[in-house]
Every structure is written in structure tokens, then in C-alpha cells.
Amino acid sequence: METMLRNVFQSLAKNPSANRMAKKYGLRFGAKRFVAGVTIEEAIQAVRQLNLDGRLATLDHLGEFISTREEALESLQMCLATLDAVHSSGVQSNLSLKLTSLGLDLDRQLCLDNMRQIVERARSYGNFVRIDMEDYSHCQPALDVYRELRQSFDNVGIVLQAYLFRTSEDVEQLNALHANLRLVKGAYKEPATVAFPAKEDVDTNYRSIILQHLRNGNYTAIATHDETIVRFVKETVSERGIPLEQFEFQMLYGICEDLQKRLVQEGYKVRVYVPYGRDWFGYNMRRLAERPANVWFVMKNLFR
């Protein structure tokens, strides 16, 4: 049953028609748990609440199903408006974004031009932009855009996924740039030709690339809700004398809040990934597919 539900949610996450239908409604299907709201104002208020107990944030204006140049430019304006809102409100938040929302699949140069505007605006505010990683087909294009941006900017980072075979090599190659990386296990469904199919192999590789990037001396954002991984990081940094300033834990909005708060109380930096916007459907479906607990949460609350 769980496998069937996961497959259903993963399929829905990639369905543009389902996404368009969802835009006609408010946040539903349990989305309020994982998505901060539809408007910038709602997102800023959510970040303000996180900041009150010491948690930082990274805001993501959701948008994955871009099919026209006009939609890519609209996404650009939303990213710029988000940076403006963070600056004017004084909340503590970076910006996260997906390159496909800025036109990567339409025109690489359009995407790159949009990114340059965003990273330049962030730099003017002393802020930071994180490029989210998408499915395997976008991995190399995203890394190519990141490398080009790093020729002019140092306030931009990217995400790497532990379930891909290639990731350890990517970590080592990006060491030359002293890359600021968010390391994740990976949320997309990939074939066994490019990704580890077994969870235990993903976990092993995840620990390996965390250690690899920390040992290289680069800033590491460890995105996990797995308390086994959290303990591994704590023990690793303690044993190796890695300063707290070199890493942070990152977690998703609405998930493991007690753990987030506990880590802050213990002196660790915690950043919460806060998504918002009308394109909430695909993001929400992937969150539901990731963990059985998320699925059953929605099933119990669907008809309330």
C-alpha cells in the first residue's frame, strides 16, 4: 500500500495538468503543513516566526512547470521580489530556487541572464542564493550554470544528491571552487543506472560525501531529518575539531520541528527550507511520497 501511494504521489508531482488544477484552490491535501503560504507576506511571516527561536531560513518561490519565456521572467521577478522583501523586513533568510523555473529547459542563456540578475540583487543586500538540484537530467546543466556564475559571484551555492553515483566526484571537482554545498539524499525517482536503489547505500554515500566536503574545509549544509545522520555529523565535527561556523543543518518547513529547536538550543546553526507560492502542488506531492508518515498524515486529515 505504501509503495503504491508513493508511486501515485511521485507521478502527480510531475503532472503539469494536476498542478494547473491545484492552482485554482487554496493550499490543500495537507499542503499547509509543508508550504508557508501563497504570498510573499505569508512567507515572510513564517520566517519571522522561525527567527524568533533562532532558526534561519531559505525561501523558495515554488515554480517548476515553466513552458514560456514570459513565465520564466515572471519567476525572475518573484525571486527578486522575495530578496527585496527579506531585505526590507529584516528577517534572516537566504533564497533557494530551481533553474527550470527560470527557463533552463527553454533557453540556457535566458536562465543564465535571469540568475545573474538574482545573484547580483542578493549580493547588493549581502544575501546568498542556493540553486536547488532537480532530477538527473538537469544535474550537469545546473552544475554548468553554477560554475559560470562562480566566475563573477561568491554568494551562490548549489545542491548535490547522495543517491547519485556521480556525486562524490562532483564534490571533489567543486572543491577547486571552495563550493558552498547543500548535501541531500535526493527526492526524485531515478533509474538504477544512475542512482543507488537501496536506502542503505544512499545513507552510506551520504555520510561519505558529508565527511569529504567537511574534510576539504568547505562550507557544508547538511539537509536531513535523519537523527542517525545528525549524530554522525555531531560526532564527526567533534572528533575532527571542525568549527561550528563551517556547517549548518537544514530541514524542511513543517517537519521535525522539535529536532530543529533542539539543535538550535545545543548551539548548532539550523536553516529551514520555506517554500511558498501558487505552484505548491508538485512540491507537496514529493514530500508526501518521501515518507509513509507524511502520506498517512494527509490521509487522516484529507476530509477534515
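Read on for a plain summary of the structure. (Residues numbered from 1 in each chain as written. Predicted model: local features only at pLDDT ≥ 70, side-chain atom pairs only at ≥ 80, totals over all residues. Heavy atoms only, no water.)

## Points about the overall build of the protein chain
Looking only at helices and strands, the protein chain has 13 helices and eight strands in total. Expressed as a percentage of its 304 residues, the buried residues of the protein chain come to 54%. Taking as baseline every contact in the protein chain between residues at least 6 positions apart, the subset at least 24 positions apart corresponds to 74%. (Helix = DSSP H or I, 4+ residues; strand = E, 2+ residues; numbered from the N terminus. Buried < 20%, exposed > 50% of the residue type's maximum accessible area, 1.4 Å probe, protein only. Contact = heavy atoms within 4.5 Å.)

## Some points on the packing of aromatic side chains
Using the criterion set out here, one finds four aromatic pairs in the structure. Ring geometry for F165 versus F196: centroids 4.7 Å apart, planes at 85 degrees, classification edge-to-face. Of this pair, F165 sits in the loop between β4 (156-161) and α8 (167-174) while F196 sits in the loop between β5 (181-184) and α9 (199-215), and the two are 31 residues apart along the sequence. Centre to centre, the rings of F247 and Y268 are 6.1 Å apart; their planes meet at 50 degrees, and the pair counts as tilted. (Phe/Tyr/Trp six-rings, centres within 6.5 Å; stacked < 30°, edge-to-face > 60°.)

## Observations concerning helix α5 (residues 69-89)
Taking 1.5 Å per residue as the helical rise, α5 with its 21 residues ought to reach 30 Å, and the 30 Å between its terminal C-alpha atoms agrees with that figure. Residues of α5 that are buried: A72, S75, L76, C79, L80, T82, L83, A85 and V86. (Expected span 1.5 Å × (residues − 1).)

## Concerning the nonpolar core
Grouped together as the largest cluster of nonpolar side chains are 63 residues, with contacts concentrated most on L97 and I118. Those residues in contact with I118, other than ones at most four positions away along the chain, are L76, C79, L80, L83, L95, L97, L102 and V129. If you look at the next biggest cluster of nonpolar residues, it comprises 16 residues, including A36, A43, V86 and Y253. (Core = buried A, V, L, I, M, F, W, Y, C linked by side-chain atoms within 4.5 Å.)

## Things to note about the environment of R121
Looking at where R121 falls in the secondary structure, it is placed in helix α6 (residues 108-124). It is 9.9 Å that separates the C-alpha atoms of R121 and A81, two residues lying 40 residues apart in sequence. When sequence neighbours within four positions are dropped, the list of residues in contact with R121 reads L80, L83 and D84.

## Some points on the sheet that holds strand β6 (residues 220-223)
Here we have eight strands rolled up into a closed barrel, ordered β1-β2-β3-β4-β5-β6-β7-β8, and parallel in their pairing. Direction aside, neighbouring strands of the sheet carry axes that sit 30 degrees apart on average. Judged from the four bridges that link them, strand β7 (residues 247-252) and strand β8 (residues 270-276) form a sheet pairing that is parallel. Considered in β8, the bridge of Q250 is made with R271. Strands β4 and β5 of the sheet are contacted by α8, whose axis makes an angle of about 155 degrees with β4. (Pairing = 2+ DSSP bridges. Axes fitted to C-alpha atoms, helices over the stretch in contact; angles between N-to-C directions.)

## A closer look at the packing of helix α7 (residues 139-149) against α8
Orientation of α7 relative to α8, taken along the N-to-C sense of each, is 5 degrees, at an axis distance of 13 Å. With respect to each other, α7 and α8 are oriented roughly parallel. Each of C139, L143, Y146 and R147 in α7 lies in contact with α8, whose residues at this interface are D170, Q173 and L174. Its residues placed into classes, the contact of α7 with α8 shows four nonpolar, one polar and two charged. (Parallel < 35°, antiparallel > 145°, perpendicular 65-115°, else oblique. Nonpolar A, V, L, I, M, F, W, Y, C, P; charged D, E, K, R; others polar.)

## Some points on unusual backbone geometry
Unlike most non-glycine residues, H178 shows phi in positive territory, near 50 degrees. Mapped onto the elements of the fold, H178 is located in the loop between α8 and β5. Even without glycine at this site, C256 takes up a positive phi of about 55 degrees. In this fold, C256 is placed in the loop between β7 and α11 (257-265).

## Considering the packing of helix α4 (residues 40-52) against α5
Axis separation between α4 and α5 bottoms out at 11 Å; the angle between their running directions is 45 degrees. Taken together, the axes of α4 and α5 lie oblique to each other. In the crossing of α4 with α5, the sense of the turn from one axis to the other is right-handed. Residues I40, I44 and R48 of α4 touch α5, and the partners they reach there are M78, A81, T82, A85, V86 and S89. When the residues that make up the contact of α4 with α5 are grouped by side-chain class, the tally is six nonpolar, two polar and one charged. (Left-handed = near helix turned anticlockwise from the far one by under 90°.)

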